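This is what each chain is made of:
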Amino acid sequence: MIRFRWIFFAISVALFAVAWPASQQLSFDRSLHRMFAPEDPTRKDFEFLQSTFGISDLVVFAYRDPTLWDENGAGLKRLQGIRERIEKIPGVDNAMDLSKVDRMLGQLEQPLSFLGGIGGMSGKNGIGGKGAPSPHPLLDPENAVAAEFKAIFEGQTHSRDSDLIAIACLLKTSSASQTSTSQTLIALRGIANSLGQMGLESGMLVGQPVMVEEGFDEIERDGARLSVVSTVSLALLVLIGFRSLRWAILSIAVVQWSLVVTRGVLYWMAWDLTMVSSMLASIITVVGVATTMHWMLGYQQALNASLGPEQALARSMKNLWRPIFWACITDAIGFASLSFAKVGPVQDYGCMMAIGSLVVLCGIFFLVPTLALIPLAPKRAAGYLGLAFGLRQIPGDAPLKALLLRVMEKVTKSASWVAGVSVAVLIVSVMGSLRLTVETDFIKNFNPNAPLVLAYRAVEKELGGAGVWDIILQAPKRLTQEYLDQVLAIEDQLRAIRIPP
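> Which residues make up the overall build of the chain, and what values go with them?
The helix and strand tally for the chain stands at 16 helices and four strands. The buried share of the chain, taken over its 501 residues, is 38%. Once local pairs closer than 6 in sequence are excluded, the contacts in the chain between residues at least 24 apart make up 72%. Summed over all atoms, the accessible surface of the chain reaches about 29100 Å², with 62% contributed by carbon and sulfur.

Written out as structure tokens, the structure reads:
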């Protein structure tokens, strides 16, 4: 490896150059059904529903307007204008709000007003007081039918006890729209932010598409941020703790080469990153830097034995290639075991990390022999800076070694006590682990003060929630009254469900 190090280094450079374009094209799969394995019943039900009914995503556009119920109709007119702007967005299929309900009631009222009211549909308890059509039936306090409709849509389009208003936006399916969900949400956010020009607070967006898009955006940003922070932190540790700029640069080189090649391999295998695999960069960073430091310590010991750089590298490689090799192999086997999981992203993550561990192994043996022997500065200057082949004694090494020896001596003398305490801690830990519960509230993945969280809390508290559940029922080819009565009974049972806080 040392004799032909330039050949291996040239191979690594060629691999990096080939993998770089592919690594930039690796996409992020944002579909929720990929959270389930292909054979999972929940995923099969969802795909059946999607293929049969062509279901669309629902986004709730909410904002506050204290003038909604003003008698002059200004609030409803403003609501109608906002809804019409939303409906002009290419990715929005339909939008439902109170202004549509008001218009529908007005259209229903017009023919009845010419007949003077039919069956009590007009008059004080009907559609329109005193038999005259109202320009805004929902604002007519004497309109009994409008009052019924207001009660029906309460909690969906408006709140009884607050000024929060909601517009239900049904997005077009991917097959029916040339606009992506992300582009549609950007357009909706633009309208929400523009409400300030009307003297209102900015609007809020909630719903599954919003949560998924913002959630995955945050995960991508966190993954990139974690990769940078972990790489820089570990490199600084090597630089400060071991006073070696060479090995700090070498660690970064191994990690970045491994990341690019791994992402390129995943792209060539037609894999996409998922919510779980967003941690790919940070885990590869830990594996790469930890293994490189292992070799660095062996190299330092050989240098302290008065060997030259090339001889020290040869001895450390001879002593450490097996531990380094099997450390990466066992990492790969451990990650690959996750492929037996039932959750799709966990399976993908295990396979991706197994590939990444093997790529790190190649990166270490391809890059370290060459980069470890390239002088970074003239020998005299490098000697003062600690940049050249030799590594000085690590600061604090002697006191730390003495402390660890004293700890080992104490533990050895009190082995029974240490074992007893360890068993007690283990029992308490096992009892605690059995009481752990799984958090299913996706919102808790976000910062408590994030705009999305605040929007969800407002909608859940004042409107009753933004989630939609689809329930599939088997129906006869010809509907009967008996079947419809059964459906109504199921609806009553669903409405009766109460979840304790």
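Moving on from the model shown.
> Describe the packing of aromatic side chains, naming the residues involved and giving the relevant values.
Taken as a whole and judged by the stated rule, the model has 10 aromatic pairs. The interplanar angle of 85° and the centroid separation of 5.9 Å between the aromatic rings of W6 and F9 together place this pair among those described as edge-to-face. Here F9 and W6 lie together in helix α1 (residues 5–24), a separation of three residues that amounts to about one turn. A centroid spacing of 5.5 Å and a plane angle of 45° characterise the contact between W247 and Y299, whose relative ring orientation is tilted. With W247 in helix α8 (residues 245–268) and Y299 in helix α9 (residues 280–304), this pair connects stretches of sequence that are 52 residues apart. There is no split in this pair, since W247 and Y299 are both buried. Taken together, the aromatic side chains of F8, W257 and F366 make up a single cluster linked through ring pairs. Above the plane of the ring of W69 lies K150, whose end atom (NZ or CZ) is 4.4 Å from the centre.

> Go over the pattern of salt bridges with me, naming the residues and quoting the values.
Taken as a whole, this structure holds 14 salt bridges when the rule is applied. Its salt-bridge partner being K100, residue E87 comes within 3.1 Å of it at the nearest N-O pair. Separated by 13 residues along the polypeptide, E87 in helix α3 (residues 74–87) and K100 in helix α4 (residues 98–114) bring together distant segments of the chain. With relative accessibility at 27%, the residue E87 sits in the partly exposed group. Look at K100 and you get buried, because its relative accessible area is 17%. The partner of R457 in a salt bridge is E460, with the nearest N and O atoms 3.3 Å apart. Taken together, the residues span about one helical turn, with R457 and E460 both in helix α15 (residues 451–462) at a distance of three residues.

> Pulling in residues and values, what's your account of α1?
Taking 1.5 Å per residue, 20 residues should reach 28 Å; α1 reaches 28 Å between its end C-alpha atoms and fits that length. Within α1, burial applies to R5, S12, A19, A22 and S23. The elements touched by buried residues of α1 are α8, α10 (309–336) and α11 (344–371).

> Give a description of the pairing of strand β1 (residues 58–64) that names residues and reports values.
Summarising burial for β1: five of the seven residues are buried, a large majority. Where β1 lies against strand β3 (residues 164–171), seven bridges are found, and the strand directions are antiparallel. Residue pairing in the sheet places L58 in a bridge with L170 of β3. Relative to strand β4 (residues 204–206), β1 runs antiparallel, the two being bridged by three bridges. Considered in β4, the bridge of A62 is made with M204.

> Describe in detail the nonpolar core, supporting the description with residues and values.
In this structure, W247, W295, L313 and V368 are the most contacted members of the largest nonpolar core, which totals 56 residues. Elements that contribute at least two residues to this core include exactly α7 (208–242), α8, α9, α10 and α11. If one sorts the elements of this core by residue count, α11 sits on top with 13 residues. Sequence-distant contacts of W295, defined by excluding residues within four places in its chain, comprise W247, L313, S316, M317, L320, I324, I364, F365, V368 and P369. Counting residues in each nonpolar core, the second largest holds 48 residues, with Y63, F153, C169 and M211 among its members.

> I'd love a proper account of the side chain of S159, names of residues and values included.
Relative to the elements of secondary structure, S159 occurs in the loop between α5 (144–153) and β3. Accessibility expressed as a relative area gives 7% for S159, which makes it buried. There is a polar contact of 3.2 Å between the side chain of S159 and the side chain of S162. Engagement of the side chain of S159 in a polar contact is seen with the backbone oxygen of E462, the distance being 3.0 Å. Setting aside its immediate chain neighbours within four residues, S159 contacts L164, E462 and L463.

> An account of the packing of α1 against α11 is requested, with residue identities and associated values reported.
The geometry of α1 relative to α11 is characterised by a closest axis approach of 8 Å and an angle of 125° between their N-to-C directions. Accordingly, the angle class assigned to the pair α1 and α11 is oblique. The chirality of how α1 crosses α11 is left-handed. Contacts between α1 and α11 involve R5, W6, F8, F9, I11, S12 and L15 from the first element and F366, L367, P369, T370 and L371 from the second. Counted by class, the contact of α1 with α11 contains nine nonpolar, two polar and one charged residues.

> With reference to specific residues and values, describe the sheet that holds β1.
The strand order across the open sheet formed by four strands is β2-β3-β1-β4, and the pairing between neighbours is antiparallel. The outermost strands of the open sheet, each flanked by one partner alone, are β2 (92–96) and β4. Averaged over all adjacent pairs, the angle separating strand axes in this sheet is 25°, with direction ignored. The pairing of β2 with β3 spans four bridges and is classified as antiparallel. Its bridge partner being in β3, A95 is matched across the sheet by C169. The strands that helix α6 (residues 181–194) touches are β1, β2, β3 and β4; relative to β1, the one it contacts most, it runs at about 10°.

> Explain the side chain of S316 residue by residue, including any values.
Residue placement: S316 occurs in helix α10. S316 sits in the buried class, given a relative accessible area of 2%. In terms of polar contacts, S316 uses its side chain to reach the backbone carbonyl oxygen of L313, at 2.9 Å.

Reading the values: rules and limits
- Every chain is numbered on its own, with residues counted from 1 as its sequence reads.
- Where local features are concerned, this predicted model is filtered to residues with pLDDT of at least 70; where side-chain atom pairs are given and counted, the filter is 80 or more; whole-chain, interface and lining totals use all residues.
- Values shown for side chains rest on all heavy atoms present in the structure; no hydrogens or waters enter the calculation.
- Helix and strand assignments follow DSSP, with helices taken as H or I runs no shorter than four residues and strands as E runs no shorter than two, numbered in order from the N terminus.
- Buried means the residue's accessible area, taken with a 1.4 Å probe over protein chains only, is under 20% of the maximum for its type, while exposed means over 50%, and partly exposed covers the values in between.
- Pairs of residues are marked as contacts when any of their non-hydrogen atoms sit within 4.5 Å.
- Note on areas: Shrake-Rupley, 1.4 Å probe, and residue coverage restricted to the protein chains presented here.
- Planes of paired rings set the category: under 30 degrees apart is stacked, over 60 is edge-to-face and the rest tilted, where pairs are Phe, Tyr or Trp rings (Trp by its six-membered ring) whose centres lie within 6.5 Å.
- Sitting over a ring, as applied to charges here, requires NZ of Lys or CZ of Arg to be within 6 Å of the ring centre and within 35 degrees of the ring normal.
- What makes a salt bridge here is a side-chain nitrogen of Lys or Arg within 4 Å of a carboxyl oxygen of Asp or Glu, nothing more.
- Helix span, as expected, comes to 1.5 Å for every residue beyond the first.
- Whether two strands pair comes down to DSSP finding at least two bridges between them.
- In this description, a nonpolar core means a group of buried Ala, Val, Leu, Ile, Met, Phe, Trp, Tyr and Cys residues linked to one another through side-chain atoms lying within 4.5 Å.
- Polar contact is defined as a pair of N or O atoms within 3.5 Å, subject to the rule that within protein one atom must be able to donate a hydrogen and the other to accept it, and that residues adjacent in sequence are counted only when both atoms are side-chain atoms.
- Axis angles are defined between N-to-C directions and span 0 to 180 degrees, where every axis is a line fitted to C-alpha atoms and, for a helix, only to the segment in contact.
- The scheme is simple: roughly parallel for angles under 35 degrees, roughly antiparallel for over 145, roughly perpendicular for 65 to 115, oblique for anything else.
- If you view the pair so one helix is near and one far, a crossing is left-handed when the near helix is turned anticlockwise from the far one by less than a right angle, and right-handed when it is turned clockwise.
- Under the grouping applied here, Gly and all other residues not named as nonpolar or charged are polar, the nonpolar ones being Ala, Val, Leu, Ile, Met, Phe, Trp, Tyr, Cys and Pro and the charged ones Asp, Glu, Lys and Arg.

These figures capture arrangement, not role.
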